[in-house]
Amino acid sequence: MSQRGLEGLLKPASIAVIGASTRSGRAGYLMMRNLLAGGFSGPILPVTPKYKAVCGVLAWRDIASLPLSPDLAVICTHADRNLELLNALGERGCKACIILSAPESQLDALKKCASAWQIRLLGPNSLGLLAPWQGLNASFSPVPIARGKLAFISQSAAVSNTILDWAQQRQLGFSWFIALGDSLDIDVDDLLDFLARDGKTSAILLYLEHLSDARRFVSAARSAARNKPILVIKSGRSPQAQRLLKTHAGLDAAWDAAIQRAGLLRVHDTHELFSAVETLSYMRPLRGERLMIVSNGAAPAALALDQLDARNGKLATLSDEMLATLLPAAADAGNPLDLKDDATVERYLQTVSRLMDSQEIDALLIIHAPSAVAPATETARQLIEAIAQHPRARQMTLLTNWCGEFSSQEARRLFSDAGIPTYRTPEGAVTAFMHMVEYRRNQKQLRETPALPVNLTANTTDAHRLIQQALDEGANRLDTHEVQDILRAYGLNTLPTWIASDSAEAVHIAGQTGYPVALKLRSPDIPHKSDVQGVMLYLRTASEVQQAADAIIDRVRLTWPQARVHGLLVQSMANRAGAQELRVLVEQDPVFGPVILLGEGGIEWQTDRQAVVALPPLNMTLARYLVIQALKSGKIRSRSAQQPLDVTGISEVLVRVSNLIVDCPQIVRLDIHPLLAAGSEFSLLDVNMQLAAFSGEAESRLAIRPYPHALEERITLKNGERCLFRPILPEDEPLLRAFIAQVTKEDLYYRYFSEINEFTHEDLANMTQIDYDREMALVAVRPFQGADEIIGVTRAISDADNIDAEFSVLVRSDLKGLGLGRRLLEKMIDYTRQHGLNQLNGITMPGNRGMITLARKLGFAVDVQLEDGIVTLSLPLSAPAE
């Protein structure tokens, strides 16, 4: 996520080409030719001892003789000279370098050399980069590209060339086109941070094969996706493809989970990729998911309908009144709306106009098959004119499919020029629409306020003690009866162990669909216990269960009072008829760390096909999305209409499992199979837990940093009142809204430098759903009338290099004078210092005397800039003096 030196690569003032050549076909010649043809306005400095000039530009014998320090250098020589040349560039003060090729054996040495000289590297084995808005073509691409608003980042040179060729044919422009190569230094996360702030970029497309740091990628992607749509194509889904690409083997579904969690959209093949580029180029925010399909033939409409159904899309339902207005235009009004093959241009215009008037649809797909009565080009031209004049043109999402190839080329060009997405096939158009729907769903998930479950407690101390005890005894694998106390510490219950008498015989009974009953007896007082140790009976009916219990009880010579206890227990299992078996599995993914899988029980999984996957930590909203995703995709089937699955209950189990995994890094695998779901009752019938010793920071193994419990602290205010200082939670949105409502307009003006009448849900979601790696917000919470309320907030947002952070403090206006603001800011200073930041900065207004006085007391340098109407505050965060 470091932005250091990126300006030298992406916005260089001067470029040196090391190994420039006059021989066509050589890398040094192609690079010089492309730089000059691109129209770069700064100095281009060819470096070669062989020629006095290259492509008409005066050449320099070596790097040391250059008349200035280049911002960017491109090494085009043989790979065995890379280290020598990189050292020379470092001595000359170069800021960034593109290395076109290097063997794997050289990578470590190149990375150390670049780090020593603080040179940013693109590559090696990179195609280079293109920045059309700067006239920069520092690449091998034979294809020039136009200016546009779409940025493309690729880890494959072959895919890059394919996209460039396709874009030229489509006359599609880019803001940036960057081929990463081996990503030795500059990686996807660095560029996402840069592009998120780039004014020329409105959308980002990623082609990925691997990740060097999943945590950094997810963090940067979540941040960028709040501002701009990001699409991802990830190759290497199968183990065979992963071996071919020499990438980490892992779950492809884990990539889906990470991409969805970050608010991105994944496409799965190059056909979808091209459609996605088309969609992104013209995409407007989708207001809803109700699609209306209009066609001049039933067959293409049916193809579109099939694709919509396959992708779980949603058709718009038209009212009788709306259908009545369409009847003159179509014999069979409905959705899809078939205008018949004799539809004229006028019929198209009339129908589209009426549909755009309707509030019952969110998106409109117009399909046109080649027709003599409605020529493709003329129909497109008149529709474009009519749509442009319609008052709802900017509110309606429009897509077009002009079928055919030769006769429809000009029509599709007209639509593209008009900024209306157009596709060659009905399936392609619907796929593009569903891209927009899925992106909207992911963004909604990113900003939805999670629910806080009731009584979700955990005894972490007990769990850690029990796990360490097992490891000390050499137990690396724990079964159900051995793990039940660990699970109970997190509110996860296996079937209970029953004590029937003073002799303390313990009976463990597990039941599931088909009524298997496992009986284990542990007591020296029971004769013949060896005869029944570990007996497993498969019983179908309640009477069979009771008969088996009676027989077992008789065999071990238990008294009838004891028999009643055991009989009741076994009978209770029989009452679980209609219960459903689920499976919850936690495994370690080589890319994303711990992942949580959910699917049907009773079968061995092919995990990528039979389970949905999520990354911890989970809250109730994320867990609910996972369960609903499992139901919609058929990975879980609700088997009983009388006893449907309790989605909230399953979600709570998943959150408890997530908390256990986050808190206990020694758990490397957890398999709950089955989890018996009977209404609102959930029982963990068979559990297997694998343990391994762990050292280091527990959070380092997670792709998403969890809630930092260690920052919680109880504070006593000047009036003796106790309150809790803690990091903000996504669930705090309602509390934050109530807090802001009790802050005066003057205090809000000092905080936000403008008058704010209302904070939207999106505003509050951005304030509460933070990435703890990049930002910290601490809230002061006190109990009030049986509930919690926020009475103060401090926030610090660090730069991408984790060097400086901007801070703010806001205290409820009626609670000033209690020392709350000072205590909050002191805690934030301690946190940012421990987090490794160098300086804490802030801005306020001259009229905010309270903030200025507090800052001076805490050692901030205060600079009053009356002309600009601001006061800057800065505090070095080096260790405080003794």
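These numbers come from a predicted model, not from an experiment.

S.K.: Outline empty space enclosed by the protein, listing residues and values.
M.R.: Applying the stated criterion to the full structure yields five cavities of 30 Å³ or more. Lining the second largest cavity are 13 residues; nearest its centre among them are Lys234, Thr247, His248, Trp255 and Val591.

S.K.: Go over unusual backbone geometry, please, and point to the residues and values.
M.R.: A cis amide bond, omega 5°, links Asn335 with the succeeding residue Pro336. Secondary-structure assignment places Pro336 in the loop between helix 12 (320-326) and strand 17 (337-338). Note the cis peptide between His673 and Pro674, where omega equals 10°. With respect to the element layout, Pro674 can be found in strand 29 (residues 667-678). For Gln118, which is not glycine, the phi torsion reads 55° and is therefore positive. Mapped onto the fold, Gln118 is located in the loop between helix 4 (107-117) and strand 7 (120-122). For Ser183, which is not glycine, the phi dihedral falls at a positive 50°.

S.K.: How would you summarise the nonpolar core if you had to cite specific residues and measurements?
M.R.: Formed by 70 residues in total, the largest nonpolar core has its most connected members in Leu9, Leu192, Leu206, Phe217 and Phe592. Broken down by element, this core gets its largest block of residues, seven residues, from helix 7 (residues 214-225). Every residue in contact with Leu206, bar those within four places of it in the chain, is listed here: Ile153, Val188, Leu192, Phe217, Ile230, Leu231, Val232 and Ile233. If you look at the next biggest cluster of nonpolar residues, it comprises 52 residues, including Leu711, Phe725, Ile740 and Val871.

S.K.: Tell me about the side chain of Arg812, and name the residues and values.
M.R.: Checked against the element boundaries, Arg812 lands in the loop between strand 36 (804-811) and helix 28 (820-834). Note on Arg812: relative accessible area 5%, which makes it buried. Looking at Arg812, its side chain comes within polar contact range of the side chain of Glu789, at 3.3 Å. Non-local contacts of Arg812, meaning those with residues more than four positions away in its chain, are made with Phe739, Gln742, Val743, Arg782, Glu789, Ile790 and Ile791.

S.K.: Could you give an account of the pattern of salt bridges, naming the residues involved and the relevant values?
M.R.: Inspection of the entire model under this criterion finds 37 salt bridges. The shortest N-O distance in the salt bridge between Arg412 and Glu405 comes to 3.7 Å. Judged by relative accessible area, Arg412 falls into the buried class, the value being 3%. Classification of Glu405 as partly exposed rests on a relative accessible area of 40%. As a salt-bridge pair, Glu587 and Arg669 come within 3.4 Å of each other at their nearest N and O atoms. One end of the pair, Glu587, is in strand 26 (residues 580-589); the other, Arg669, is in strand 29, with 82 residues separating them in the sequence. Exposure remark for Glu587: the relative accessible area of 22% places this residue in the partly exposed category. When salt bridges that share partners are traced, they join Arg120, Asp185, Asp189, Asp190 and Arg216 into one network.

S.K.: Go over the pairing of strand 35 (residues 787-798), please, and point to the residues and values.
M.R.: Every regular strand shows the same layout, with side chains that alternate between the two sheet faces. For strand 35, the tally of buried residues reaches nine of 12 residues, placing the bulk of the element in the interior. Where strand 34 (residues 775-784) meets strand 35, 10 bridges bridge the pair, whose relative direction is antiparallel. Residue Val779 lies in a different strand from strand 35, and its bridge partner there is Val793. What sits between strand 34 and strand 35 in their antiparallel hairpin is a turn of two residues, with Gln785 showing a positive phi close to 50°. Relative to strand 36, strand 35 runs antiparallel, the two being bridged by seven bridges. Of the residues in strand 36, the one forming a bridge with Arg795 is Ser808. Counting the residues between successive antiparallel strands, the hairpin from strand 35 to strand 36 contains five residues, one of them, Asn802, with a positive phi of roughly 55°.

Criteria and thresholds
Residues numbered from 1 in each chain as written. Predicted model: local features only at pLDDT ≥ 70, side-chain atom pairs only at ≥ 80, totals over all residues. Heavy atoms only, no water. 1 Å grid on protein atoms, 1.4 Å probe; cavity = no way out; pocket = protein on both sides within 12 Å on 5 of 7 lines; lining within 4 Å. Points joined across faces, edges and corners; volume = space filled by probe spheres on them. Helix = DSSP H or I, 4+ residues; strand = E, 2+ residues; numbered from the N terminus. Core = buried A, V, L, I, M, F, W, Y, C linked by side-chain atoms within 4.5 Å. Buried < 20%, exposed > 50% of the residue type's maximum accessible area, 1.4 Å probe, protein only. Contact = heavy atoms within 4.5 Å. Polar contact = N/O pair within 3.5 Å; in protein donor to acceptor, adjacent residues only side chain to side chain. Salt bridge = Lys/Arg side-chain N within 4 Å of Asp/Glu carboxyl O. Pairing = 2+ DSSP bridges.

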